[in-house]
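A closer look at the structure
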Amino acid sequence: MIADPFRHLLLLLAIVALVACGRAPPAPGEVAEKNPAKLPLENELGVLLPSAYAGKTTERPRAAWFDEFERGTGCRLSLSTADDDREFVDKAQRDAVDLIIADGIVGLQLIQGGAAQPLDTRRVPPLSGVDPRFADLPWLSQFGVGYAIPFQAGVRVLMYDPTVFPEPVTSWSLLYEAQTLPDGKPNAGRVQSSVGAIGIADAALFLRTQRPSLAIADPFELDEKQFAAALDALRQQRPLLHSIWRYGEEKALRDFRQGAVVAMSASVRQFDRLRDEGASVAMRLPAEGSTGWLHASLLKTGARHPNCAYAFMAWSLKPRIQAQLSATASTLPVVASVCRDARLLDPARCAELGADALDRVHFAHLPTARCRDRASCVPYSRWLAEFDSLSGDAP
């Protein structure tokens, strides 16, 4: 057996060799515990997540599956919610939470900012059942180290009033190009679009097929020429919008109910709300495809209750829980078996949620200065600044 001083010297030499070869030593939390399955739970867990998953209604403060998790693990949950990207990042960094469920724009900001720590994916056995189309999304890992576990996914759809459009709407051009609608009236002032970074990405997605010479591969990775073209598309879109990129979900849905808006970029959850109310509403994934999002679980750096956080990640990937989450938030399960089991989720509902069109969906991730296939792209800070500039003088 090697004496302790020599063992420490060998370890130090090994670390020096790794650094010399351009490989950093493992970060804290990157090395798995020897027997993670037997680690004691801390009895508490703080979770920050989008409000749609909380399942709060007038009858109950949160979805039933949260109570079931508490009973099954003994981890008492403290839930907080956020929906705006900037609010989400602020709460994730400031609040006493352990687990953060976020999309690729927020999630990658937290990873790059050091607010999320590497994961030991061996502690989440159900991860093996996640659809590879979600599990393999690049933003979930950085430099070969996993930081996020898929939770649920969603796609943006074109929602419209079928009394105005007797035939299915097949293109996003309705939101970007002036035209006369089937009811004989113009689309100007009667359509609504996405805001912020998603608004820019949606415009880039539209240009991807309309102007193939731009060679846009990923609407969230744009070089200067592509970015300028997307901003031009938004400037041309502006006179068509009912509200100039300044509205919340409730106002958007109210305008649709009242007929002031007859077509808009929306989530399936928004469509479900209107359909459940009996409104005249239909939706379509247009020919150009769509943007979407993958919500994933991230462990906050310095989390006080990491064992309960890992238990939550594993629990959330149970097929039955995935189906319940889908029913709560109108999102698509990430576990492949759920949409193959009609006892859990009707296949027709899975198709409605976008399961059959994933090859045409571009999932949101943080725009960075370094692209995957080019040396330089426009960073997220520019996306925010330019969109704020476009909408800043709106009436």
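Presented here is a report on the structure given in the accompanying data block. (Residues numbered from 1 in each chain as written. Predicted model: local features only at pLDDT ≥ 70, side-chain atom pairs only at ≥ 80, totals over all residues. Heavy atoms only, no water.)

Re the state of the cysteines
By definition, a disulfide links the sulfur atoms of two cysteine residues through a covalent bond. By the definition in use, this model includes three disulfides. Two residues, C75 and C308, share a disulfide whose sulfurs are 2.0 Å apart. What sets the handedness of the C75 and C308 disulfide is the S-S torsion sign, and at about -85 degrees it is left-handed. Placement of C75 in the loop between α3 (64-73) and β2 (76-81) and of C308 in helix α11 (residues 306-316) is noted, with a sequence separation of 233 residues between them. (Disulfide = S-S within 2.5 Å. Helix = DSSP H or I, 4+ residues; strand = E, 2+ residues; numbered from the N terminus.)

So, helix α5 (residues 104-112)
Of all nine residues in α5, seven are buried; the element is thus mostly enclosed. As for α5, its buried residues are in contact with α4 (85-94), β3 (99-102), β4 (141-142), α7 (196-210), β10 (290-299) and α14 (380-392). The distance from a side-chain oxygen at the start of α5 to the backbone nitrogen of I105 is 3.1 Å, and the residue carrying that oxygen is D103. Positioned one or two residues after α5, G114 has a phi angle of 80 degrees, which is positive. (Buried < 20%, exposed > 50% of the residue type's maximum accessible area, 1.4 Å probe, protein only. Contact = heavy atoms within 4.5 Å. Polar contact = N/O pair within 3.5 Å; in protein donor to acceptor, adjacent residues only side chain to side chain.)

Focus on unusual backbone geometry
The backbone of N43 shows a phi angle near 80 degrees, a positive value even though the residue is not glycine. Mapped onto the elements, N43 comes out in the loop between α1 (4-20) and β1 (44-49). The exposure class assigned to N43 is partly exposed, which follows from its relative accessible area of 44%. Phi angles above zero are rare outside glycine, and A215 is one such case at about 55 degrees. For A215, a relative accessible area of 53% puts it in the exposed group.

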